[in-house]
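# Notes for the structure review
So you can see what is in the structure, the chains are spelled out below.
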Amino acid sequence: MGGEEILIGEQPRRSLAAPLIFFIVVAFQFVSRYLHELNKGSKSATEIQLRAEIKQLLKEASTLSQPSTFAQAAKLRRLAAAKEKELVNYKEVHDKEMKLSSDSYPKVLFISKVFTYFVLICWFWKTPVAEIPQQLVQPFGRFLSWRAGGLLNNNVMVGIIPWLILSTRVSKFACRLIKY
């Protein structure tokens, strides 16, 4: 049922299992990467504003280097230290909120990925997912045909587990190349 060729007239029709499985793996990888970037967190407007105020206060305090303006400079430094404490408290609260709100998404993604891979492995267990000419995969033909039947008409029959491994590696590489 899964990756078998169907003869229509005299022309064999190729299975779409390999590209479909590849696109499923790529989709999981991109969603995983997106959730990872989301969990890293971005700086909020309040955090940016506090950082700018701290920088401005320290800049003003550094310009007041005369003995007559020492008290004013010390006051500005104390204000900057208070703002830094406020920033640290804000970041702690904000990070806890982000962790609580987005902690379940990676777990759900992982469970759905494991379930999908399990279903794919069960469906294509002894069925070839793709055929690749033997010349293209000369040293790796035995590995790629694991649990898929070996050679047929000088084509290596690719099994589901090697295809999932290969698709995962390629999709991770593609995610690193594509910055979104």
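Given the structure is predicted, the values throughout are model-derived calculations rather than measurements.

Per the secondary structure count, the protein includes 6 helices and 5 strands. Along the protein, helices and strands appear, N-terminal first, in the series β-β-α-α-α-α-β-α-β-β-α. The 180 residues of the protein split such that 28% are buried. In the protein, of all internal contacts separated by at least 6 residues, the share reaching a separation of at least 24 is 64%. Looking at the protein as shown, the accessible area adds up to about 13,000 Å², and 64% of this sits on carbon and sulfur atoms.

What tends to happen in soluble globular proteins is that the nonpolar side chains get buried as a cluster. In this structure, I21, L120, F124, V129, I160, W163 and L164 are the most contacted members of the largest nonpolar core, which totals 17 residues. Looking at this core, the elements with two or more residues in it are α1 (17-40), α4 (104-123), β3 (130-133) and α6 (160-177). Here the element with the most residues in this core is α1; it accounts for 6 residues. When residues no more than four places from it in sequence are discounted, the contact partners of L120 are I21, I160 and L164.

Let us now look at α6. With 18 residues, α6 ought to run about 26 Å at 1.5 Å a step, and its terminal C-alpha atoms sit 25 Å apart, in line with that. Of the residues making up α6, those classed as buried are I160, P162, W163, L164, S167, T168, S171 and C175.

This next bit is on the packing of α4 against α6. In the contact formed by α4 and α6, the axes pass within 9 Å of each other and the chain directions differ by 145°. On α6, the residues that touch Y117, L120 and I121 of α4 are I160, I161, L164 and T168. Per-class residue counts for the contact of α4 with α6 are 6 nonpolar, 1 polar and no charged.

Mapped onto the present numbering, the UniProt feature "transmembrane region" (unreviewed entry) falls at residues 16-35, 108-126 and 146-166. With 95% helix and 0% strand, residues 16-35 has end C-alpha atoms that lie 29 Å from one another. Secondary structure content for residues 108-126 is 84% helix and 0% strand, while the C-alpha to C-alpha distance between its ends is 29 Å.

On to the packing of aromatic side chains, then. In this structure the tally under the stated criterion is 3 aromatic pairs. Ring centres of F22 and F23 lie 5.8 Å apart, and the angle between their planes is 65°; on these two criteria the pair is classed as edge-to-face. The exposure class of F23 is exposed, given its relative accessible area of 55%.

Moving on, we get to the pairing of strand β5 (residues 155-158). The two faces of β5 match: N155 and M157 on one face and V156 and V158 on the other face are all buried. Sheet topology note: the β3/β5 ladder contains 4 bridges and is antiparallel. Within the sheet, the bridge partner assigned to A130 lies in β5 and is V158.

A complete count under the given rule lists 2 salt bridges for this structure. In this structure, K83 engages E53 in a salt bridge whose closest nitrogen and oxygen atoms are separated by 2.7 Å. You can see K83 sitting in helix α3 (residues 70-102) and its partner E53 sitting in helix α2 (residues 45-63), a full 30 residues away along the chain. For K83, a relative accessible area of 22% translates into the label partly exposed.

Scoring rules and cut-offs
Residues numbered from 1 in each chain as written. Predicted model: local features only at pLDDT ≥ 70, side-chain atom pairs only at ≥ 80, totals over all residues. Heavy atoms only, no water. Helix = DSSP H or I, 4+ residues; strand = E, 2+ residues; numbered from the N terminus. Buried < 20%, exposed > 50% of the residue type's maximum accessible area, 1.4 Å probe, protein only. Contact = heavy atoms within 4.5 Å. Areas by Shrake-Rupley, 256 points an atom, 1.4 Å probe, with all protein chains shown as cover. Core = buried A, V, L, I, M, F, W, Y, C linked by side-chain atoms within 4.5 Å. Expected span 1.5 Å × (residues − 1). Axes fitted to C-alpha atoms, helices over the stretch in contact; angles between N-to-C directions. Nonpolar A, V, L, I, M, F, W, Y, C, P; charged D, E, K, R; others polar. UniProt positions renumbered as here; feature names shortened; annotations may be inferred. Phe/Tyr/Trp six-rings, centres within 6.5 Å; stacked < 30°, edge-to-face > 60°. Pairing = 2+ DSSP bridges. Salt bridge = Lys/Arg side-chain N within 4 Å of Asp/Glu carboxyl O.

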